[in-house]
Number of protein chains: 2
Amino acid sequence: MVPFVNAVRMTMSTGTTGRAQPAAAPPMAERHLRVDAQRNRVRILEAATELMATHGIDVPIDEIAQRAQVGVGTVYRNFPTKDALFEALLMARIEPLVTAARSAAHSDDPGDAFVTFVRRLCNEFADFKALADAMAASGVDLSVAKHEISGDLIAAVSSLLLRAQQAGRIRPDVTITDVSAMMAGLSHTDPLFMDPPQRQRCVALVCDSLLVGARSLLPQGEMAASSPEHGRR
Amino acid sequence: MVPFVNAVRMTMSTGTTGRAQPAAAPPMAERHLRVDAQRNRVRILEAATELMATHGIDVPIDEIAQRAQVGVGTVYRNFPTKDALFEALLMARIEPLVTAARSAAHSDDPGDAFVTFVRRLCNEFADFKALADAMAASGVDLSVAKHEISGDLIAAVSSLLLRAQQAGRIRPDVTITDVSAMMAGLSHTDPLFMDPPQRQRCVALVCDSLLVGARSLLPQGEMAASSPEHGRR
DNA sequence: GTAGAATCGGAGCGTAGCCTCCGGTTATGA
DNA sequence: TCATAACCGGAGGCTACGCTCCGATTCTAC
């Protein structure tokens, strides 16, 4: 299946805010890099972001290096592992989401906040496929959260869900596992086949099934009696 | 992403009922195989079925050959390509589903029939991971149905859906694309992390969102205020 | 300007997986 | 029983990808 992060080894800063880890005598800690090294690091991060947004985790390192106009060696000097690079990008993406989920949990209307957040999450998946890969690979497995950060995300969503349930807006019998599974599933569907409107529809459907009250989230107007042409070459 | 079937080339029979294709002078058509060849073919099919059920499409050919107590050459003599082997297994799995969907479309209660069928589909995914892989890889892309057979399946589900909608049981604004996307998503979540009860819950939730009337599909009894322990190592 | 440390970059190693090739083996029909 | 067509099987070719290694290059402190 989708190859994925196995360990979180890293040297130097990951270019992401917070979460420094001065553990076990870092080989070459926050020593300030030579200007060329700095420039290359930025380039790598940019290239990786662009490529992983489109192609997900599966983009080869060589391609990233090429796009960054850098040798593979340089990539590996900055990120000891492809996974580490992936992790760095992921953290940068997930952290704002965690923050958003946490503040949403304190919203006046947790129900709306929940739905809004779920929508945002799905859009994020579409904008950055690697995130969807990560979610699909580990998002469902709550007990073995592979990434500390995605554990944070799940914890945050979990309490958001709880609040929304306490507010009587989300069905009380829905679990965070349910939500994660649905999100993971939704996130996995290829953006190529899932244009923004279609994605919105699916998110709306999922939310419909979670909400206690009315089911009005699906945009009205388009009547759709089973798509007109399908397959058959 | 998941490597997948690109073309449907095949020699000889695929071991599946129907659908013979006597096109372009088959190199060695239905000539009756030597007994050892026949035995090996059966073994390969069995081994592949077992392994692909658990590991999906990603199981190496060598492993299949080993399990079948046969050389890789023998595998490739029977199925010119890994994809062809995969396709053969897939057809055997999907065909009954197509039949079921078609007859369900003529049920007295298309609404129930639809829900029942969707449930069956999901169980099938769990029992045979390769099917889920196939669904996740091509199920969402209705216009370019990679497999003729999965095109059949989608067509069948499509008309089942239409009937259920005409009967007023399924929301009229739901499309076959919606259904496929949800199914594909659900099917993708790893069986390891998605035990049968959890899967049932998710299917129920999805169905809830599709049905016009009440929402009672989720089994009652278990109150679940956001799973107790999650992640955080 | 220069020494030398830091960095670069890409050839190439190792692994994995799909598939081919062909010498050896075996079933089959006369 | 024997000739031979059919079949077996696994060594190895090929490709792709992650990652390492080390000579060449570039920056920086003096």
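Residues numbered from 1 in each chain as written. Chains lettered and ligands numbered in written order. Predicted model: local features only at pLDDT ≥ 70, side-chain atom pairs only at ≥ 80, totals over all residues. Heavy atoms only, no water.

A. Representation of the overall build of chain A within the structure. Looking only at helices and strands, chain A features 9 helices and 0 strands. Within the span of chain A, comprising 233 residues, buried residues form 54% of the whole. For chain A, the share of sequence-separated contacts (at least 6 apart) that also reach a separation of at least 24 residues comes to 70%. By element, 55% of the accessible surface of chain A is carried by carbon and sulfur atoms, the whole surface being about 10,400 Å². (Helix = DSSP H or I, 4+ residues; strand = E, 2+ residues; numbered from the N terminus. Buried < 20%, exposed > 50% of the residue type's maximum accessible area, 1.4 Å probe, protein only. Contact = heavy atoms within 4.5 Å. Areas by Shrake-Rupley, 256 points an atom, 1.4 Å probe, with all protein chains shown as cover.)

B. Seen up close, the protein's contact with DNA strand C. Taken together, 21 residues lie near DNA strand C, and Arg34, Asn40, Gly73 and Arg77 of chain A together with Lys82 of chain B sit nearest. In the interface set of DNA strand C, defined as its atoms within 4 Å of the protein, sugar plus phosphate atoms amount to 62%. The separation between a base oxygen of DNA strand C and a polar main-chain atom of Gly73 of chain A is 3.3 Å. At a separation of 3.0 Å, a phosphate oxygen of DNA strand C approaches a polar side-chain atom of Tyr76 of chain B. (Near = heavy atom within 4 Å. Polar contact = N/O pair within 3.5 Å; in protein donor to acceptor, adjacent residues only side chain to side chain.)

C. Quick look at the protein's contact with DNA strand D. Lining the immediate environment of DNA strand D, one finds 21 residues, of which Lys82 of chain A together with Arg34, Asn40, Gly73 and Arg77 of chain B sit closest. What you see for DNA strand D is that sugar and phosphate hold 62% of its atoms within 4 Å of the protein. Val35 of chain A is positioned such that a nitrogen or oxygen atom in its backbone is 3.3 Å from a phosphate oxygen of DNA strand D. One nitrogen or oxygen atom from the side chain of Tyr76 of chain A is found 3.3 Å from a phosphate oxygen belonging to DNA strand D. Where the surface near DNA strand D is concerned, the elements lending two or more residues are helix 1 (35-55) and helix 3 (72-78) of chain A together with helix 1 (35-55) and helix 3 (72-78) of chain B. Considering every element that reaches the surface near DNA strand D, the biggest residue donor is helix 3 of chain B, with 4 residues.

D. Inspection of the packing of helix 9 (residues 196-210) of chain A against helix 9 (residues 196-210) of chain B at higher detail. One way to put it is that helix 9 of chain A packs onto helix 9 of chain B with a least axis distance of 8 Å and a crossing angle of 100°. As far as their axial angle goes, helix 9 of chain B and helix 9 of chain A are roughly perpendicular. Mapping the contact onto sequence places Leu205, Asp208, Ser209 and Leu210 of chain A in helix 9 of chain A and Leu205, Asp208, Ser209 and Leu210 of chain B in helix 9 of chain B. Its residues placed into classes, the contact of helix 9 of chain A with helix 9 of chain B shows 4 nonpolar, 2 polar and 2 charged. (Axes fitted to C-alpha atoms, helices over the stretch in contact; angles between N-to-C directions. Parallel < 35°, antiparallel > 145°, perpendicular 65-115°, else oblique. Nonpolar A, V, L, I, M, F, W, Y, C, P; charged D, E, K, R; others polar.)

E. View of the packing of helix 5 (residues 110-127) of chain A against helix 9 of chain A. Residue and element names in this part refer to chain A. Two elements in contact, helix 5 and helix 9, have axes whose closest approach is 10 Å; the angle formed by their N-to-C orientations is 150°. The element helix 5 and its partner helix 9 pack so that their crossing is right-handed. Note on element contacts: helix 9 touches helix 5 through Arg199, Gln200, Val203, Ala204, Cys207 and Leu210, opposite Phe114, Val115, Val118, Arg119, Cys122, Asn123 and Ala126. The residue makeup of the contact of helix 5 with helix 9, split by class, is 9 nonpolar, 2 polar and 2 charged. (Left-handed = near helix turned anticlockwise from the far one by under 90°.)

F. Looking closely at unusual backbone geometry. Phi at Gln69 of chain A takes a positive value of approximately 55°, unusual for a residue other than glycine. For Gln69 of chain A, the position within the fold is in the loop between helix 2 (61-67) and helix 3.

G. The arrangement of the state of the cysteines in detail. Residue and element names in this part refer to chain A. Counted under the stated rule, the structure contains 0 disulfides over all chains. Free cysteine Cys202: the closest other cysteine sulfur is in Cys122, separated by 8.9 Å. For Cys202, a relative accessible area of 0% corresponds to the buried category. (Disulfide = S-S within 2.5 Å.)

H. Geometry of the confidence of the model for chain A. All names here are of chain A. In the predicted model, chain A carries a mean pLDDT of 75, and the fraction of residues at 70 or more is 69%. Overall, residues 1-29 carries pLDDT values under 50, and its contacts beyond four positions in sequence, including any with other chains, amount to 60 contacts. Below pLDDT 50 for its whole length, residues 139-145 participates in 19 contacts with residues either more than four positions away or in separate chains. (pLDDT = per-residue confidence, 0-100.)

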